Structure formats: structure tokens, C-alpha cells
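# Residue-level structure breakdown
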Amino acid sequence: MPSSRARRVFLLDSHDIFRLGVRSALSERAELTVVGESSDPDESIELVARTRPHVVVIGIREHEAPVLEKLPSIQAQYPPTEMLVLSRTDEEQLVDAALRGGAKGYLPKDIAVSQLVSAVHSVASGHNLLASRRAMRLASRRSDTPAPEEDPLAVLTPQERKILNLIGEGLTNRQIAERLYLVEKTVRNHVTRMLAKLGVERRTQAALLSARLHHTRSVADPSHPE
């Protein structure tokens, strides 16, 4: 049975099977509860006003860009709610539309359940995962230098930055725990939240992003302390 303090989640996706899968996965988490769902954006506007969720999870496909135009209307029904978009496509046009619509996250639909849970918590806490994803794309372009405000690592806590650096050195969770005088479970939790914030699926991808940014900054400014 979900706690009275559980974060409330609303699901919007045109496919019943996808909503069923997400609902089933989240129902196993005591700290989350699905308070409603819909396949229709217009219906969602009314239902969000009624259910007052902390996070609206929106699943879209390439041809469903118009759904993103409804995001401001959905959020307006209960302004404290945040929105997390899941999609199988990473087209820049859709990401930009999600950003304009007020979404705080844009992640792959095939992320692990643990990453989805972390993303929901991160978005509900005010972290902007979508900005991180946009900056990561910039970092992947050799000719571009991310602007300071688009630094994807800016969303990480100092502890998460330390852990990311140690991952980059090839350390395991157990070795990181020993280095930082933490228990291994705490390190695992930090890593899960860190991956969700960065919008990546594996720790190796996070380490690669960090290395690319370090290289880009070093080239742009040889005197950079990092």
C-alpha cells in the first residue's frame, strides 16, 4: 500500500500496453503512486486538475509532436506538477518542443525501471534533466563548446561529481565506497540518481560524457584547472 507521502504520478500515453507496463512497475514502489492515466491529452487536462500529481509522465512517438503543444495547458491545471517526457526518438525538434512546453525531462522509453523511478524523483525535486540532455548532445559535437549554463554536470551534487570522477578512473562501487568512506548501497543510490540526472543509461556513458567535457574545456582553455 503506498504511503500517504508517496509522490503522485499521472500517465499520458496513447498505447494502453505502455501505460499498463509503467503503472505495474511503479506500483511496486511504496514511495510512488499512480493517481491517474489517459490516452488523450485533452482528457488529461481535466484529470490532472482532479488528481493533482507531482509528476506527469508523457509517452510520445515521432508522429505525436502535437501532444507536446498541450503540455502548458496540462501543467496549468496544477502548477506544482512537473512533466517528464519519454520517447523512442531523440529528434532535436521534439526535445525543443518539450522544453518549450515546460517539461523537465526527456528520456528514452526503454530506460530501466530504477532509472525511471530516479527520474521521477529528480524531476519532482526540481532537477532539469532535459537541460542536461541538450548539453550532452552539445558535448558530443567535437566542434562545439557547451556554454556554462548548459553544463550537464551542473545538476550533480558535489558528492555525485566525486563519484563520477572515480567511475571515470575505473573504480567499482565497492572501491568508491572505500575511497569515500561510504557504504556500498549508498554509492549505488548515488550512481542511480546521477545517471537519471544526466539522462544516460549506463555508468560508462556518464564517464564518457565527463571525459568529453574535460577534453573540450582543456582544448578551449589550456589553463583550465581541470
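### What about unusual backbone geometry?
Even without glycine at this site, Arg52 takes up a positive phi of about 50°. Positioned with a positive phi, Tyr181 is a non-glycine residue whose angle comes to about 60°. On the secondary structure map, Tyr181 appears in the loop between helix 9 (173–180) and helix 10 (184–198).

### Topic: the environment of Ser73
Following the sequence through the fold, Ser73 ends up in helix 4 (residues 71–76). Look at Ser73 and you get partly exposed, because its relative accessible area is 34%. Sequence-wise, Ser73 and Ser44 are 29 residues apart; in three dimensions their C-alpha atoms are separated by 9.6 Å.

### A word on the pattern of salt bridges
Overall, the coordinates contain 11 salt bridges when judged by the stated rule. The partner of Asp13 in a salt bridge is Lys109, with the nearest N and O atoms 2.8 Å apart. Taken together, the residues Asp13 in the loop between strand 1 (7–12) and helix 1 (16–27) and Lys109 in the loop between strand 5 (105–108) and helix 6 (113–124) connect sequence positions 96 residues apart. In this structure, Asp13 and Lys109 share a single accessibility class: buried. Arg50 is the partner of Glu46 in a salt bridge, and the nearest nitrogen-oxygen pair spans 2.9 Å. On the criterion of helical spacing, the pair formed by Glu46 and Arg50 is a turn pair, its members being 4 residues apart in helix 2 (residues 41–51). Accessibility expressed as a relative area gives 56% for Arg50, which makes it exposed.

### Some thoughts on the confidence of the model for the chain
In low-pLDDT regions, the fine details of the predicted coordinates are not to be read closely. Mean pLDDT over the chain works out to 81, with 82% of the residues at or above the 70 mark. Every residue in residues 141–149 scores below 50 in pLDDT, and together they form 7 contacts with partners more than four places removed in sequence or on other chains.

### Quick notes on the packing of helix 9 against helix 10
Interaxial distance between helix 9 and helix 10 falls to 8 Å at its minimum, and their mutual angle equals 110°. Judged on the interaxial angle alone, helix 10 and helix 9 are roughly perpendicular. From helix 9, Asn173, Arg174, Ile176 and Ala177 reach across to helix 10, where they touch Glu184, Val187, Arg188 and Val191. Considering only residue class, the contact of helix 9 with helix 10 consists of 4 nonpolar, 1 polar and 3 charged.

The rules we used
Residues numbered from 1 in each chain as written. Predicted model: local features only at pLDDT ≥ 70, side-chain atom pairs only at ≥ 80, totals over all residues. Heavy atoms only, no water. Helix = DSSP H or I, 4+ residues; strand = E, 2+ residues; numbered from the N terminus. Buried < 20%, exposed > 50% of the residue type's maximum accessible area, 1.4 Å probe, protein only. Salt bridge = Lys/Arg side-chain N within 4 Å of Asp/Glu carboxyl O. pLDDT = per-residue confidence, 0-100. Contact = heavy atoms within 4.5 Å. Axes fitted to C-alpha atoms, helices over the stretch in contact; angles between N-to-C directions. Parallel < 35°, antiparallel > 145°, perpendicular 65-115°, else oblique. Nonpolar A, V, L, I, M, F, W, Y, C, P; charged D, E, K, R; others polar.

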